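Take a look at the letters that make up each chain.
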Amino acid sequence: MDVATATAEHAGEMVKDELAEKCQKLFQAFLEEFQTGDGEVKYVREAEELIRPERNTLLVSFTDLEGFNQELATTIQEEYYRVYPFLCRAVRNFARDHGNVPLNKEFYVALEELPTRHKIRELSSMRIGTLVRISGQVVRTHPVHPELVSGTFLCMDCQAMIKDVPQQFKYSPPTICRNPVCNNRSRFHLDTHKSKFIDFQKVRIQETQAELPRGSIPRSLEIVLRAEAVEMAQAGDRCDFTGTLIVVPDVSQLSTPGVRAETSTRVAGGPQGFEAEGLRGLKALGVRELSYRLAFLACNVAPTNPRFGGKELRDEEQTAESIKSQMTEKEWEKVFEMSQDKNLYHNLCTSLFPTIHGNDEVKRGVLLMLFGGVPKTTMEGISLRGDVNVCIVGDPSTAKSQFLKHVEEFSPRAIYTSGKASTAAGLTAAVVRDEESNEFVIEAGALMLADNGVCCIDEFDKMDIKDQVAIHEAMEQQTISITKAGVKATLNARTSILAAANPVGGRYDRGKSLKQNVNLSAPIMSRFDLFFILVDDCNEVTDYAIARRIVDLHCRGDESVDRLYSLDEIRRYLLFARQFKPKISSESEEFIVEQYKRLRQRDSSGGVSKSAWRITVRQLESMIRLSEGMARMHCCDEVQPKHVKEAFRLLNKSIIRVETPDINLEQDDDLEEEEEQQEDGSAVPNGVNGHVDGVNGDANGINGPVNGHAASGSQPRPALRLSFPEYKRISNLLVLHLRRAEEAEEEEELKKSAVVNWYLKEIESEIDSEEELVNKKGLIEKVLHRLVHYDHILIELSQAGLKGSESASTEEEVLVVNPNYMLED
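From a predicted model like this one, the values you see are computed outputs, not experimental measurements. (Residues numbered from 1 in each chain as written. Predicted model: local features only at pLDDT ≥ 70, side-chain atom pairs only at ≥ 80, totals over all residues. Heavy atoms only, no water.)

### Observations concerning the overall build of the protein
And step 1. Summing up its helical and strand segments, the protein has 29 helices and 28 strands in all.
And step 2. In the protein, 73% of the contacts between residues at least 6 apart in sequence involve partners at least 24 apart.
And step 3. Carbon and sulfur atoms form 52% of the exposed surface of the protein, whose accessible area is close to 42,200 Å². (Helix = DSSP H or I, 4+ residues; strand = E, 2+ residues; numbered from the N terminus. Contact = heavy atoms within 4.5 Å. Areas by Shrake-Rupley, 256 points an atom, 1.4 Å probe, with all protein chains shown as cover.)

Right under this line is the structure:
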């Protein structure tokens with residue numbers, strides 16, 4: 001530092017820091033003498049690497065330092081900021097001794113493997129200048145800039161050169177010219193060619209969700225990275241930073257125009273003309289306003305716990321061998337034992353979700369999502385995603401959010417967010433203006449933070465449409481494109497999405513298709529690989545089991561949970577299994593094509609198409625991804641037909657489960673008899689399916705006056721149940737016929753008996769015997785009765801006008817189609 005005295009030319013060299021110089025000598029001795037177990041000097045080879053022009057940082061292990069000289073290690077830890085330049089000088093001398101390096105090249109030291117790790121909340125002003133290691137999740141990265149480390153200035157008055165003026169986080173010219181004659185204090189010119197610059201990047205980190213105390217807002221901290229540490233951390237990474245707390249001038253506070261808020265509030269209501277006085281007197285006493293803040297100067301960036309998640313999950317070079325080398329012998333034996341487990345699929349499901357009873361299909365789907373498929377890149381450079389997206393739709397209290405919470409706690413990179421509280425920018429990425437440099441930077445959203453992990457979105461159906469659209473690209477292309485505020489960027493979002501949604505109107509209506517039950521657009525629905533429908537049915541056995549499970553959990557807590565594998569073991573196995581890249585065998589290929597053809601044909605035949613969503617090529621890709629996930633789970637290098645079979649079964653399950661149950665026509669008679677007994681004509685249950693499951697279909701054919709045929713009542717009826725598509729077909733046929741007759745104004749055709757006769761004439765080719773004719777007639781009358789009284793698609797008119805539900809002479813009834821009814825395509 002320059003001291004403001006004109007006489008002392010070498011003012012900067014007069015004060016010697018004895019402690020720091022001693023540290024420098026000891027540190028250099030450590031570098032030259034420290035040996036590994038086999039007698040080789042550890043840091044010589046790394047010093048030779050520093051000759052390369054792009055390298056300038058030597059990585060030193062703190063545990064080695066402690067082993068070599070405890071006192072030196074303690075001094076470095078306590079006086080880190082003070083001795084750091086001297087440590088760098090020691091590295092420079094060490095590098096020069098061991099290689100031919102340019103004289104003006106600067107060297108830096110990075111310390112790793114510090115024993116203790118702190119949370120962001122624990123950092124206080126007493127830790128300023130000491131060596132600490134903190135961990136957090138990176139939420140915002142700035143572009144890399146050159147930073148002036150030591151400047152060479154030219155005096156504008158006497159042309160003297162002032163060399164090596166150190167800079168402290170802001171541009172600081174010399175206080176006075178070093179020429180004794182010249183007295184210039186302000187006019188200096190920076191000579192950029194002779195000054196030294198270094199890469200500089202700012203990163204903002206935030207507390208991870210696990211460290212957060214209840215009800216607190218996560219704290220964030222600015223990290224300053226220099227030299228080789230830049231670009232080491234990407235948004236979404238959980239990293240450990242080793243370095244020191246520093247105090248930097250708060251540029252944003254200093255640049256605020258006008259009077260600071262807190263000074264002006266104290267004098268509100270004073271005499272006229274004195275409002276802006278505030279604390280002016282203290283300025284003269286040298287008390288500055290609070291224009292400093294804490295930042296963190298990091299010398300080393302390392303992924304948090306690289307064995308599970310962290311950065312290593314991203315590196316493509318990672319292989320099964322390298323992961324094996326990171327495990328202890330015992331851990332590896334456990335992983336091997338798990339891979340040999342014949343019942344692994346079931347055991348993993350129960351160990352992962354021990355507190356959730358039943359829902360086995362959902363557990364399997366979520367498990368395969370965690371293993372994921374194999375991402376591929378085509379020759380044109382188009383990437384095909386390997387992540388599996390799962391959507392769980394279900395009634396309230398069917399443990400949807402439990403699944404999401406379990407996955408969030410288990411997966412190393414998982415973000416949990418709620419649909420209603422999330423905006424498009426919060427899910428993808430936001431472009432924000434930086435307070436200091438006033439340039440635009442990208443702040444990562446939930447999908448970017450969950451890169452290579454899982455993003456759990458609860459209440460998916462309650463998201464605004466404009467926010468849902470933002471997920472389209474992330475779900476299929478796995479990128480997020482931003483074009484706003486002059487920032488054009490395409491960011492990675494290689495994440496699996498696990499969404500939970502409630503049906504429209506709270507409960508799942510089996511009479512409608514999945515599409516009508518869920519408030520989601522068709523493009524989003526096709527992007528989900530698996531849909532699971534959880535319906536809250538009344539079933540004595542399951543209700544008893546669930547109640548036992550929940551009460552057990554409340555009474556005995558963790559004792560009631562029997563896990564075969566611990567979560568750590570599953571994490572280890574997952575990380576190992578994900579390194580496999582299974583190829584599809586030729587027989588599996590044939591099988592997949594065959595199954596896809598079957599699904600498409602069934603879709604086009606109209607049997608299930610109303611109940612399920614459309615089968616598209618995306619479902620074919622889903623089948624491939626799920627098969628690869630199955631193969632990965634069993635640590636196979638090849639996808640076998642048995643894996644495809646399970647994948648197809650799951651996919652089929654998520655399609656079929658949506659089908660509507662058969663229409664129970666007998667239930668109408670039971671209910672109508674009850675109504676007649678109660679003489680309550682108005683309380684007709686509304687809706688086709690509300691009562692399907694609860695009715696036991698064994699009421700013998702005591703058919704009420706609806707049948708009109710005593711003969712049909714005296715024998716058991718084979719066609720008491722009608723499949724939903726068949727019921728829909730008959731209903732559409734009748735509606736079209738009645739509408740045609742209405743338009744032609746043929747009143748005779750509209751009578752109930754005429755409609756029945758017309759229908760029987762239409763299907764006469766299918767009728768072989770008189771008994772069958774009687775059955776068909778009974779059936780069509782039941783269908784008509786249901787269409788009038790339950791679905792309200794038809795309206796019965798009698799001579800007196802609109803008739804109620806009491807029986808009248810069947811001959812005179814006229815049927816018309818409800819004018820509000822829209823015929824479905």
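### Digging into helix 5 (residues 70-78)
And step 1. Among all positions in helix 5, only Leu72, Ala73, Thr75 and Ile76 are buried. For helix 5, the angular spread of the buried residues around the axis is 165°, confining them to a single face. In helix 5, those exposed residues whose orientation departs by more than 90 degrees from the buried face are Glu71 and Glu78.
And step 2. One side-chain oxygen at the N-terminal end of helix 5 lies 3.0 Å from the backbone nitrogen of Glu71; it belongs to Asn69. (Buried < 20%, exposed > 50% of the residue type's maximum accessible area, 1.4 Å probe, protein only. Arc of directions from axis to C-beta. Polar contact = N/O pair within 3.5 Å; in protein donor to acceptor, adjacent residues only side chain to side chain.)

### Details of the packing of aromatic side chains
And step 1. Here the structure, examined in full by the defined rule, presents twelve aromatic pairs.
And step 2. The interplanar angle of 45° and the centroid separation of 5.2 Å between the aromatic rings of Tyr80 and Tyr84 together place this pair among those described as tilted. Here Tyr80 pairs with Tyr84, and both are found in helix 6 (residues 80-97), just four residues apart, close to one helical turn.
And step 3. In this structure Tyr80 comes out as buried when scored by relative accessible area, which is 2%.
And step 4. For Tyr84, a relative accessible area of 18% translates into the label buried.
And step 5. Each residue in the set Phe27, Phe30, Phe34, Tyr43 and Phe68 is aromatic and connected to the rest through ring pairs, giving one cluster. (Phe/Tyr/Trp six-rings, centres within 6.5 Å; stacked < 30°, edge-to-face > 60°.)

### Considerations on the side chain of Asn56
And step 1. On the secondary structure map, Asn56 appears in the loop between helix 3 (42-49) and strand 1 (57-61).
And step 2. Residue classification places Asn56 among the buried residues on the basis of a relative accessible area of 16%.
And step 3. With residues near it in sequence (within four places) discarded, Asn56 still touches Leu50, Lys105, Glu106, Phe107, Tyr108, Ala227 and Glu228.

### So, the nonpolar core
And step 1. Ranked by internal contacts, the top residues of the largest apolar core, which has 59 residues, are Leu348, Val407, Leu498 and Tyr573.
And step 2. For this core, the element with the highest residue contribution is helix 13 (residues 360-371), accounting for seven residues.
And step 3. Contacts of Leu498, omitting those with residues within four sequence positions, involve Val366, Met369, Val390, Ile392, Phe403, Leu404, Val407, Val454, Cys455, Cys456 and Ile457.
And step 4. Counting 40 residues, the second-largest nonpolar core is a separate cluster that includes Ala429, Cys455, Phe460 and Met475. (Core = buried A, V, L, I, M, F, W, Y, C linked by side-chain atoms within 4.5 Å.)

### Notes on the pairing of strand 13 (residues 390-394)
And step 1. A large share of strand 13 lies buried, amounting to five of its five residues.
And step 2. With burial as the criterion, each face of strand 13 is covered, one bearing Val390, Ile392 and Gly394 and the other bearing Cys391 and Val393.
And step 3. The pairing of strand 13 with strand 20 (residues 496-501) spans four bridges and is classified as parallel. When the bridges of strand 20 are listed, Val393 appears paired with Ala501. (Pairing = 2+ DSSP bridges.)

### Quick notes on the packing of helix 13 against helix 14 (residues 400-410)
And step 1. Their axes nearest at 12 Å, the elements helix 13 and helix 14 cross at an angle of 30°. As summarised for this structure, helix 13 and helix 14 are arranged roughly parallel, according to the angle between their axes. As for how helix 13 packs across helix 14, the hand of that crossing is right-handed. Of the residues in helix 14, those touching helix 13 at Val362, Lys363, Val366, Met369 and Leu370 are Phe403, Val407 and Phe410.
And step 2. Here the contact of helix 13 with helix 14 is composed, by residue class, of seven nonpolar, no polar and one charged. (Axes fitted to C-alpha atoms, helices over the stretch in contact; angles between N-to-C directions. Parallel < 35°, antiparallel > 145°, perpendicular 65-115°, else oblique. Left-handed = near helix turned anticlockwise from the far one by under 90°. Nonpolar A, V, L, I, M, F, W, Y, C, P; charged D, E, K, R; others polar.)

### Thoughts on unusual backbone geometry
And step 1. Backbone geometry at Glu113 places phi at a positive 60°, although glycine is not the residue there.
And step 2. Locating Glu113 in the fold gives a position in the loop between strand 2 (108-112) and strand 3 (131-141).
And step 3. For Ala399, which is not glycine, the phi dihedral falls at a positive 65°.
And step 4. Looking at the secondary structure, you find Ala399 in the loop between strand 13 and helix 14.

### Thoughts on the pattern of salt bridges
And step 1. Scanning the model with the defined rule gives 33 salt bridges in all.
And step 2. Between Glu106 and Lys196 there is a salt bridge; the shortest N-O distance is 3.1 Å. Of this pair, Glu106 sits in the loop between helix 6 and strand 2 while Lys196 is found in strand 7 (residues 196-206), placing the two residues 90 residues apart along the sequence.
And step 3. Each of Glu49, Arg52, Glu54, Arg55 and Glu228 takes part in salt bridges that share partners, so that together they form one network. (Salt bridge = Lys/Arg side-chain N within 4 Å of Asp/Glu carboxyl O.)

### Regarding the confidence of the model for the protein
And step 1. Chain-level statistics for the protein give a pLDDT mean of 76 and a share of 79% at 70 or above.
And step 2. In this model residues 281-285 is a low-confidence stretch, pLDDT under 50, and it forms two contacts with partners more than four residues away in sequence or in other chains.
And step 3. pLDDT under 50 marks residues 805-810. Its contacts with residues more than four places away, or in other chains, come to seven contacts. (pLDDT = per-residue confidence, 0-100.)

### Concerning the state of the cysteines
And step 1. Applying the stated rule across the entire model yields zero disulfides.
And step 2. A disulfide-free cysteine, Cys182 has its sulfur positioned 3.8 Å from the sulfur of Cys155, the nearest such atom.
And step 3. No disulfide involves Cys456; its nearest neighbouring cysteine sulfur is the one of Cys455, lying 6.8 Å away.
And step 4. Look at Cys456 and you get buried, because its relative accessible area is 0%. (Disulfide = S-S within 2.5 Å.)

### Some remarks on the packing of helix 2 (residues 18-33) against helix 6
And step 1. Helix 6 packs onto helix 2 with a crossing angle of 40° between their chain directions and a minimal axis gap of 8 Å. In terms of orientation, helix 2 lies oblique with respect to helix 6. In this structure, helix 2 meets helix 6 at a crossing whose hand is right-handed. Mapping the contact onto sequence places Leu19, Ala20, Glu21, Cys23, Gln24, Phe27, Gln28, Leu31 and Glu32 in helix 2 and Arg82, Val83, Phe86, Leu87, Arg89, Ala90, Val91, Asn93, Phe94 and Asp97 in helix 6.
And step 2. Tallied by class, residues from the contact of helix 2 with helix 6 come to eleven nonpolar, three polar and five charged.

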